[in-house]
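Remarks on the overall topology
If you want the building blocks of each chain, they are given just below.
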Amino acid sequence: MLDVIGLSQGYRRRPVIHDLSISLGAGAFGLLGPNGSGKSTLLRTLATTTPTPRPGQLRLFGSLLDSRRAVRAARRRIGYLPQSFAHPPGFTVRDFVRHCAWLREVPAARINSAADEAIERVELGDRADTPLRKLSGGMLRRAGVAQAICDQPDLVILDEPANGLDPQQRVRLRAVLRELSASSCVVVSTHLVEDTAHLCDRVGVLYEGRLRFDGTPEELAAAAGDEDAGDTPLERGYTATLAAPPLPTGAPPPAAHHRPSPDTGPRPGEAAPGGAAPGGAAPGGAAHGGAAHGGAAAPRDAS
Amino acid sequence: MTGYRIELRRSPLRWWYLPLVALAAAMAVLPGAWQDSWPRASAAASAAALPLMVAGCGLVAHRAGAAARRGADAPVASRRGSTAELVSLAADATWLAAAHLTAVAVVWGAALAVGLPGAPWPEYPLFGLAGVVLAAAVGHVLGRLLPTRYTPVLATVGGYVLFLAVMADGSPLTATIGYQGVEQRLSATHLVWRLALVALAVTAVVLLTGGRSDARPSGRRPARSMRLAGPAAAAALLVGVVAMPSGPEAGFHTARTSADPACDGTVDDGEVCVWPEHAHRLPDAVDMAGRLAAAGEGVIPAGVVHREVGLAGAGAVGQGFLLDHGRGDLARTMAGGSVAATLPVCDRWGPQEWAVQDALTLWLELRALDTDRLPNRGSFSSGEDADRTDEVVRVLALPHAEQTARARAWTAELEAAPC
């Protein structure tokens, strides 16, 4: 569903991401990393709002984004929540989600129902007609999530979606994203290491623009040493991987912990983007820092 | 339509709708006399657009730059940026247009209630609407390209300077297309020019702002032709504004052809004809014709035909009486017509002869108005040496028979003048 191949990305002359490769299929992928590590830049690139410097560095839904038409076709299948998103304050939640769906060219006949469904999923149904300017920070974040998951896109990219959410809302958001990840590729960046354990099949740690870890939450926890900082095994594992050398670059590691995508082609009724090579998730293992990774299932939140 | 409906519902300009209606209606009615005739009421409709052009430029600039000012990322969009920009502009322009049309409806509704003869002239509100859309498009581009907090203020001030202050006298961008006279109507050429400018402005919106959020393939910069298209459209708009005819000779108006005039006979077997839109004021004109006939009895022959300016048979361009500027002007122009009917003017007359004709006309006018107070006509004079205004004042103080004799002497003087 998503292949990043040797991506280097930056702004003007400041490099942010260095020669990064990764491949994702359906499932939830958690992206961890300290501030300034390049998480948002990577997510912007995946969302196609920042084009890759060279063609061939990003393949979405099996297609190279080598034409305007291909990018537009890909965007129809992407839901994206930026770290800070432009919300017209006068828009109600319902109109905001509908408008974003319209921008994403969700078929007109589906927009209203899809928007209402997304709003219900983030539990903003009773605030659907409230202007965004009157929402609290957490509600605003949920409205942003609603626009990103509206019409269940094949690729959902959420940049710190849990910001401003209380613990109960975080648990519910995780449940929504888990549901989505059954058929979609959900990429979530977060600073909340524990969230990844309950949500993600696979976790990546990005540091200084390079991927330091790519594996399951259990593997991340297993990477912890006694001397690493943190209160939980996951946090210690995270700390340990920050000091690890970058993963080997080159061909993207296969989507080891992601389920094979049921849908790597266009949706029924949609044109196939041009120049596509069939892709998608492949079983296998990802390596980091020389450590071997198995395909163990991620732990799940029982709530 | 989904996007348009949402933008329309959520455009901040909706909060400005009522103030803008009040502003536009005030601009239309404050100059006064808009309820005198449909031509005036129609011209008031184009004037109503002026404040909307100024305010709309700033408001749309504010709204267009709001997202960028917040510095946040836009949601991912597969729809073409040009479509999104056009929909946003269309929603804003719809609110401005609604304010304009409401103000026009108020003015025209009042005109209808008065029962003015004739019908409204629809090209005037269309002209105003075109100006509103043009200003909105300019504001949209400014807001998108310069999303600073000062841009809306600068756009408003710039709009004021552009549309009202600097170019008000001769600019085709302004609403100097107000009321000129019942015999003139907005030129179709000028209307087409303005509509073309609107088309160029909207094209500039699409090309300058539409591509900014468009999907861009990996590793590619926008094509050079696409990068140049926006500035080219903006340049074409500027060239269009500059190339547009302007100034007094611009032909903003065109003379109307005579329609079916409203006519009535006078007591001395003469006739008075006015434009159909002035049919309700025909009695005033007939009354004045009768007064002139009575005032000039023995000097001016009976049965003079008076036609309002611009009507067939009114004479050369500019001849014919005027109903638009009050009773005094009606008396003056109609008296001039009476004198011209008695003593056709001669191009070879010198200052003395013109002064005699002026004196005869003034005498007739003041007698018809039953006054000896001279009208205020600014600095107009037949010339210091030839002016006979004082003589007219003295004659008006004489008994009727002596006045008539003096007027006949003036007539004889003119008849004797070589031509």
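Residues numbered from 1 in each chain as written. Chains lettered and ligands numbered in written order. Predicted model: local features only at pLDDT ≥ 70, side-chain atom pairs only at ≥ 80, totals over all residues. Heavy atoms only, no water.

Time to look at the overall build of chain A. When its secondary structure is counted, chain A shows 9 helices and 10 strands. A buried classification covers 58% of the 303 residues belonging to chain A. Sequence separation of at least 24 residues holds for 73% of the intrachain contacts in chain A that already meet a minimum separation of 6. About 11,300 Å² of surface is accessible on chain A, with carbon and sulfur atoms providing 53% of the total. (Helix = DSSP H or I, 4+ residues; strand = E, 2+ residues; numbered from the N terminus. Buried < 20%, exposed > 50% of the residue type's maximum accessible area, 1.4 Å probe, protein only. Contact = heavy atoms within 4.5 Å. Areas by Shrake-Rupley, 256 points an atom, 1.4 Å probe, with all protein chains shown as cover.)

This structure, assessed with the given rule, holds 24 salt bridges over all chains. Overlapping salt bridges, with partners in common, bring together Arg 72, Arg 76 and Glu 105 of chain A in one network. (Salt bridge = Lys/Arg side-chain N within 4 Å of Asp/Glu carboxyl O.)

Residues and elements named next belong to chain A. Overall, mixed pairing links the 6 strands, which are arranged β6-β7-β8-β3-β9-β10 in an open sheet. Strands at the two margins of the open sheet, each flanked by one partner only, are β6 (78-81) and β10 (210-215). Taken over all neighbouring pairs, the strand axes of this sheet differ in orientation by 15° on average, direction set aside. Sheet topology note: the strand β9 (residues 202-207)/β10 ladder contains 5 bridges and is antiparallel. Directly across from Tyr 207, in β10, lies its bridge partner Arg 210. Packed on one face of the sheet, helix α6 (residues 167-181) meets β3 (27-32), β7 (155-159) and β8 (185-189) and runs near 145° to β8. Along the sheet, helix α9 (residues 233-242) contacts β3, β9 and β10; its crossing angle with β9, the most-contacted strand, is approximately 45°. (Pairing = 2+ DSSP bridges. Axes fitted to C-alpha atoms, helices over the stretch in contact; angles between N-to-C directions.)

Residue placement: Thr 361 of chain B occurs in helix α11 (residues 351-368). Residue contacts for Thr 361 of chain B: discarding those within four places in its chain leaves Arg 332, Ala 335, Gly 336 and Val 339 of chain B.

Moving on, we come to the state of the cysteines. All chains considered together, the criterion is met by 1 disulfide over all chains. For Cys 263 of chain B, the disulfide goes to Cys 273 of chain B, at an S-S distance of 2.0 Å. Here Cys 263 of chain B and Cys 273 of chain B share a disulfide; its torsion about the S-S bond, 110°, makes the bridge right-handed. A residue pair is termed long-range when its members are at least 10 positions apart, and Cys 263 of chain B in strand β3 (residues 262-265) and Cys 273 of chain B in strand β4 (residues 271-274) qualify at 10 residues. Cysteine Cys 200 of chain A is unpaired, with the sulfur of Cys 185 of chain A as its nearest cysteine sulfur at 11 Å. We classify Cys 200 of chain A as buried; its relative accessible area is 2%. (Disulfide = S-S within 2.5 Å.)

All names here are of chain B. We note that the domain assignment places domain 1 (2-255) and domain 2 (262-416) within chain B. The junction of domain 1 with domain 2 conceals about 880 Å² of combined surface from both sides, 59% of it contributed by carbon and sulfur atoms. When the buried surface of domain 1 facing domain 2 is broken down by residue, Pro 117, Val 182 and Glu 183 rank first, second and third, together holding 52% of it. One can count 0 salt bridges joining domain 1 with domain 2. Between the two partners, domain 1 and domain 2, sit 3 residue pairs in polar contact (both at pLDDT 80 or more). In terms of residue class, the side of domain 1 that touches domain 2 is built from 6 nonpolar, 3 polar and 3 charged. (Domains from an automatic or database assignment. Buried area = accessible area lost by both parts, 1.4 Å probe. Polar contact = N/O pair within 3.5 Å; in protein donor to acceptor, adjacent residues only side chain to side chain. Nonpolar A, V, L, I, M, F, W, Y, C, P; charged D, E, K, R; others polar.)

Attention now moves to the packing of helix α3 (residues 38-70) of chain B against helix α5 (residues 123-145) of chain B. Residue and element names in this part refer to chain B. Where α3 contacts α5, the axes come no closer than 7 Å and their chain directions differ by 15°. In terms of their interaxial angle, α3 and α5 are classed as roughly parallel. Note that α3 runs across α5; the crossing there is right-handed. (Parallel < 35°, antiparallel > 145°, perpendicular 65-115°, else oblique. Left-handed = near helix turned anticlockwise from the far one by under 90°.)

Moving on: the nonpolar core. Val 93, Val 97, Leu 132, Ile 149 and Leu 177 of chain A are the most contacted members of the largest nonpolar core, which totals 55 residues. Leaving out residues up to four positions away in the same chain, Ile 149 of chain A has contacts with Ala 118, Arg 121, Val 122, Val 156, Val 176 and Leu 180 of chain A. If you look at the next biggest cluster of nonpolar residues, it comprises 50 residues, including Ala 55, Ala 93, Leu 96 and Ala 135 of chain B. (Core = buried A, V, L, I, M, F, W, Y, C linked by side-chain atoms within 4.5 Å.)

So, on to a nonpolar patch on the surface. A cluster of nonpolar side chains, Val 153, Val 157, Tyr 160 and Val 161 of chain B, forms an exposed patch at the surface whose accessible area comes to about 350 Å². What makes Val 153 of chain B exposed here is its relative accessible area of 52%. (Patch = residues over 30% accessible without salt bridge, like charges linked within 9 Å, V, L, I, M, F, W, Y side chains within 5 Å.)

This part is about the packing of aromatic side chains. Tallied over the entire structure, the rule returns 4 aromatic pairs over all chains. Measuring from centroid to centroid gives 5.9 Å for Tyr 17 of chain B and Trp 95 of chain B, while their planes differ by 65°, and the two rings are edge-to-face. With Tyr 17 of chain B in helix α2 (residues 17-29) and Trp 95 of chain B in helix α4 (residues 81-114), this residue pair connects regions lying 78 residues apart in the sequence. Centre to centre, the rings of Trp 121 of chain B and Tyr 124 of chain B are 5.9 Å apart; their planes meet at 35°, and the pair counts as tilted. Accessibility expressed as a relative area gives 2% for Trp 121 of chain B, which makes it buried. Here Tyr 124 of chain B falls in the buried class, since its relative accessible area comes to 2%. Cation over ring: Arg 77 of chain A sits above Phe 61 of chain A, and NZ or CZ is 4.2 Å from the ring centre. Looking at Arg 194 of chain B, its charged tip hangs above the ring of Phe 127 of chain B, at a distance of 3.7 Å from the centre. (Phe/Tyr/Trp six-rings, centres within 6.5 Å; stacked < 30°, edge-to-face > 60°. Lys NZ or Arg CZ within 6 Å of the ring centre and 35° of its normal.)

Counting from both sides, the interface comprises 40 residues of chain A and, opposite them, 29 residues of chain B. Taken over both partners, the interface formed by chain A and chain B buries close to 3,200 Å², and the fraction arising from carbon and sulfur atoms is 56%. Looking only at chain A, the three residues that lose the most surface to chain B are Arg 68, Arg 75 and Trp 102 of chain A, adding up to 23% of its buried area. Run the count over chain A and chain B and you get 2 salt bridges. The salt bridge involving Arg 10 of chain B is made with Asp 95 of chain A; its shortest N-O contact spans 2.6 Å. On the surface where chain A and chain B come into contact, there are 10 residue pairs in polar contact (both at pLDDT 80 or more).

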